[in-house]
Amino acid sequence: MATYTLMRSSLGLLHGLKCSFKSVGQIPYGAAAGAVTQVKGLQNARGYSVNHPSVQERIEKKRQAALTGGGQLRIAAQHKRGKLTARERLELLLDPDSFVEYDMFVEHRCSDFGMEADHNKYPGDSVVTGQGRINGRLVYVFSQDFTVFGGSLSGAHAQKICKIMDQAMMVGAPVIGLNDSGGARIQEGVESLAGYADIFLRNVMSSGVVPQISLIMGPCAGGAVYSPALTDFTFMVKDTSYLFITGPDVVKSVTNEDVSQEELGGAKTHTTVSGVAHRAFENDVDALLNLRDFFNFLPLSNKDPAPVTECHDPRDRLVPGLDTVVPFESTKAYDMLDIVHGIVDEREFFEIMPNYAKNIVVGFARMNGRTVGIVGNQPKVASGCLDINSSVKGARFVRFCDAFNIPIITFVDVPGFLPGTAQEYGGIIRHGAKLLYAFAEATVPKITVITRKAYGGAYDVMSSKHLRGDVNYAWPSAEVAVMGAKGAVQIIFRGKENQAEAEAEYVEKFANPFPAAVRGFVDDIIQPSTTRKRICRDLEVLASKKQTNPWKKHANIPL
Amino acid sequence: MAAYRSAAGFQRVLHAVKHVCLSKQRCGVIICRYSTVYDPTEKTFDKILIANRGEIACRVIKTCKKMGIKTVAVHSDVDSSAVHVKMADEAVCVGPAPTNKSYLNMDAIMNAIKQTGAQAVHPGYGFLSENKEFAKRLAAEGVSFIGPDTHAIQAMGDKIESKLIAKAAKVNTIPGYDGVVKDAEEAVKIAGEIGYPVMIKASAGGGGKGMRIAWNDEETREGFRFSSQEAASSFGDDRLLIEKFIDNPRHIEIQVLADKHGNALWLNERECSIQRRNQKVVEEAPSTFLDPDTRRAMGEQAVSLAKAVKYSSAGTVEFLVDSKKNFYFLEMNTRLQVEHPITECITGLDLVQQMIRIAMGYKLQHKQSDIPINGWAIESRVYAEDPYKSFGLPSIGRLSQYQEPLDLHNVRVDSGIEEGSDISIYYDPMISKLVTYGKTREEALKKMEEALDNYVIRGVTHNIPLLREIIVHPRFVSGDISTKFLPEVYPDGFKGHMLTAGERRELLATAAALYVAAQLRSQKFLGDLRVSVVPAESRQWELCVELDKGLHMLGVSRSGNNYTVEIDGEKVEVSGEWNLASALLPLTINGKHRTLQCLLRTAAGEITLQYLGTSFKLRVLSKLAASLSKHMPEKVPEDTSSILRSPMPGSVVAVSVKPGDNVAEGQEICVIEAMKMQNSMTAAKAAKVKSVHCKAGDTVGEGDLLVELE
């Protein structure tokens, strides 16, 4: 089924390409099988002759062929679609002259359907692999070449990717994949499927060892989607990239739904509805430049510390605006991003999944130059409550930070978990448990700031002292309690006449940071404007934090 | 109720930490050098309540502190953490946000006076400052009103009465009819006697409402009808008067100071001709236009008017001055004016201190001969508004970053906000009054340029681009101004600074150098042994910079902090500290000192720079990225700004607009309550409301259409 779909979808995608080549009498067009037979003429032209080219000449020729991929016409077609070629992308992603290419001479090994013909062989096949530098730091990369057989995955293609993944793991350096592939190389059959599985296995083995990033820059469908899904971050390019298990045609035939490619698996869908992708960028150039920026936040491997860059923002800077950011009325919303931007270095915050489950904010920033992960409830959206999507979004982010030695700073303003049948039936219990689990198992430095509400179970979840928070602060506006005053009074003083008075009593007792502070559940009540200064100082202290969880084969997070 | 209670709890807790924050308060702002002596032994009031908010409340509190007087602030609930509240010794909440329920709420303010035992009230300007009812109620309670007596407020508050008094006091008045005009035909007859053009205006009016200019009989009839309707609806008083319309006049006003013993002084003039929609934008003292004789004549008439109404306290007599230096009485403002600081700068008097002393019954300390004109002062009113739309439509928002240029000498900033403050729809969108001072006008203007360049305001749209253009415009610099200055200079609306070729090069070079500085820094990892060393020092960069759709190829080379940028064969040298965290970018460009501000810098090479007051969007790319960019598809941005959908399921608590209303960008359109939280839905652009699809009490689902804008 999957293969069938793949073929159909890649056929569709290749359609434009096919036409253009037909007109100029060119032949090979990769994964779109079935038209390979006409080409016989050139096949016998080669063979040993007295003056066959020297090895040197052949090397040159092959190199040249590898550099041009599927040829000028297809490169032009790629450009016409608003996409860059595999090599252009790498050139832009990596520091100038830093790319070291591997396997330029690898060719596919398929001999069915006329694939063994010379003109169907492209040095390097349909992917460019190697290593290079981003701002001087090592990274392994692969970039699928849509101009060669529609970027389809052959055994050789997969083998090339596996080679760099193995080496990345050995030396401890991140892997960035630039995906632009029509799917499996159908002519290769099970070899192609085996190739996918080889990559999946390496994605899993590398998980938590080196950061893995996928940038989807074209089609990615069928089984192929599981490689990006297994990596730490999936980014997409708006309007030119798609991710789906089955394309619109199959969807139509199975479920009778009419849906376009863009609606089914475009960047907007995956960054706002499905949560499959973490960010989308305007175009190839924009995406690659942003990826360079993003890479600077990441450590090279789980053995390396979070990077520290030169910082011009004073570590002891006071942020006066924070003293008034939390509104006077406790029911009024404010923007948690105002707090985050105010506190982090240079107001620079790389938000992850900014348009999905917006009631929680996660992303990377720096404090005194050091990368930190930020998690914050967003009172501006759905009151900042925790629900299924926000729990899962938060949990995955926290686990990434923990795996890669990135300290976590949590800003809490949470009225609780979202009630309702939709949430209960959807399994808020097990999904909410993920966030709890992630915070609890994390051993990186954890700093928590309660800006306002920390109600009920959600208080426990949000990196509380009880889950081994290292430093937990409360702002004067903090209210740590089981629930809001109204609900609590209805239970405690059931049937009592003067509800208003009872509420006042509850507010006086609980709607403030003291109950938590007197018990040591928060370490201090701080003036909001001093928050940055304190966090910078705490991070310095916690830099040498050592904490280990009990030995286990692996933990069993409630999936 | 619950909200109120918990808010009270919050206040209490804040109180615990208030001690810390009080110490770093910004009361030490450099006020221009007052020559007046503050004599703490001179008995005045023990405690003054300031019945105002914002900068003027802060301004009054500052002087009270110097005089050793305790202060009481009043505030609405949204202002509970405002600067004036923090500065005052005591604060009382007088009601919810809308002004008629708080700052205009006399009952609540009278209660606050009783509660705190304040002996006097300073009303500031606006709100209750010229309200005779308020002055009466204070008098009845034996509380001093720091301002003139009730009868002076009343006499000067009525345009017809004030004109009659002025005439009697031998003050030049605009030729016109000194009585109420009965009907349109009488209006035509009077107009014929005065001679066209004439101005028809509401007797009770102000702020340009109920005013019409007529050039012939037909327009007079029409103007009479419209003005009386407008006057009736705006002021509940449809009495009209007619006078000669002075075409292309200057607006020059005289500051007066009078005590309760019949002494009065004139403290020179303020030139307030730069206006938009009858609101002042840039003021200066003295005026370039007045000669000593005219000044004295105006001053003496102003004083005789003040004496005629037994005026006490500070007041302002406004005149229109025509091109032949004929001046005509316009009106008298019986309060402290917004633009009083420039008078303080050139005379050395602290007007608030003088008002307090006068209210206490002291005689004036000065004689007319003691009043100097020392140097020159300019005031720019910095507003949260978009100057590109009709010279300023209000904008609102949170001041995410805010830094006043107070480290410069001879700069005074009167403001009542700080970083983190909200500019809300409830109150005046003025951010501050930026005053610069110099020995000469030229010096004061240069200082103003510098101060505007060093003023950091982020989070709201502001009018610094316009202010910065006005003060360097040749007509303004030469003093050739009138109340029509803005529409005459910018007939097609204000478009921001127009770059000369040289300025364009400077801007491009700065963006390129900033880009390289940021790139180099992103390669600096501390203590990381796994980073390969990039030999950056010696590198030469080839960049492509885009500005206004024009592409420029630039060559950049660097030596330390100095960058040499080559643009079209011309070299530009840019050097500076390149502190990428700072809001300000102090640079030396081709030997000239310039302060720019970087408003935005993204990974994709977008850089927005504020240069000469105006912000310019640039994009800097490497040569490679630029050449690959040509393959990128053109995108048409989807316009969703005209449709407001509910972002979540919830219930509609309030709808603040109706079809046909004009809304400002960021203005609240409706409030959705979800999970007991109120979420304010705001307009994504300034527009007219096309249709409203919800009403208070409705339950809405996520994505439901709420309001459509045009």
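Higher on the page you've got the structure.
Owing to the predicted nature of the structure, the values given are computational and were not obtained by experimental measurement.

Another point: the side chain of B:Q354. Residues and elements named next belong to chain B. Following the sequence through the fold, Q354 ends up in helix 12 (residues 351-360). For Q354, a relative accessible area of 0% translates into the label buried. In this view, Q354 contacts T36, L257, L349, Q365 and H366; residues no more than four positions away in its chain are not counted.

What follows is about the side chain of B:H552. All names here are of chain B. Turning to its location among the elements, H552 is positioned in strand 25 (residues 550-559). Engagement of the side chain of H552 in a polar contact is seen with the side chain of R504, the distance being 3.2 Å. Leave out the neighbours within four places in its chain, and H552 touches R504, L508, L543, C544, V545 and D568.

Residues and elements named next belong to chain B. Burial within strand 20 (residues 411-415) is extensive, with five of its five residues counted as buried. Across the two faces of strand 20 the burial is the same, with V411, V413 and S415 and R412 and D414 all buried. Pairing of strand 20 with strand 22 (residues 430-438), which is carried by five bridges, proceeds in the antiparallel orientation. By the bridge assignment, D414 is partnered in strand 22 with K433.

Looking now at the sheet that holds strand 8 (residues 211-214) of chain B. Residues and elements named next belong to chain B. Across the sheet, which stays open at both edges, the four strands sit in the order 6-9-7-8 with antiparallel pairing between neighbours. The outermost strands of the open sheet, each flanked by one partner alone, are strand 6 (176-177) and strand 8. Relative to strand 8, strand 7 (residues 198-202) is paired through four bridges, and the arrangement is antiparallel. Among the inter-strand pairings, V198 is bridged to a residue of strand 8, identified as A214. Contacts from helix 7 (residues 159-168) reach strand 6, strand 7 and strand 9 (240-244), with the element oriented near 45° to strand 9. Here helix 8 (residues 184-194) sits on the sheet in contact with strand 6, strand 7 and strand 9, set at roughly 20° to strand 9.

Residue and element names in this part refer to chain B. Counting buried residues along strand 15 (residues 376-383), eight of its eight residues qualify, which places the element largely inside the surrounding structure. Residues of strand 15 alternate between two faces, with W376, I378, S380 and V382 on one and A377, E379, R381 and Y383 on the opposite face, all of them buried. Pairing analysis gives four bridges linking strand 12 (residues 279-285) to strand 15, with the strands arranged antiparallel. Within strand 15, the position partnered with V282 by the bridge is S380. Sheet analysis places strand 15 next to strand 22, joined by eight bridges and oriented antiparallel. Note that in strand 22 the partner of I378 across the bridge is T436.

This next bit is on the environment of B:Q353. All names here are of chain B. Mapping Q353 onto the fold places it in helix 12. Not counting chain neighbours up to four residues away, the residues in contact with Q353 comprise T36, V37, Y38, T63 and M67. Only 3.4 Å separates the side chain of Q353 from the side chain of Q354, close enough to count as a polar contact.

Scoring rules and cut-offs
- Residues numbered from 1 in each chain as written.
- Chains lettered and ligands numbered in written order.
- Predicted model: local features only at pLDDT ≥ 70, side-chain atom pairs only at ≥ 80, totals over all residues.
- Heavy atoms only, no water.
- Helix = DSSP H or I, 4+ residues; strand = E, 2+ residues; numbered from the N terminus.
- Buried < 20%, exposed > 50% of the residue type's maximum accessible area, 1.4 Å probe, protein only.
- Contact = heavy atoms within 4.5 Å.
- Polar contact = N/O pair within 3.5 Å; in protein donor to acceptor, adjacent residues only side chain to side chain.
- Pairing = 2+ DSSP bridges.
- Axes fitted to C-alpha atoms, helices over the stretch in contact; angles between N-to-C directions.

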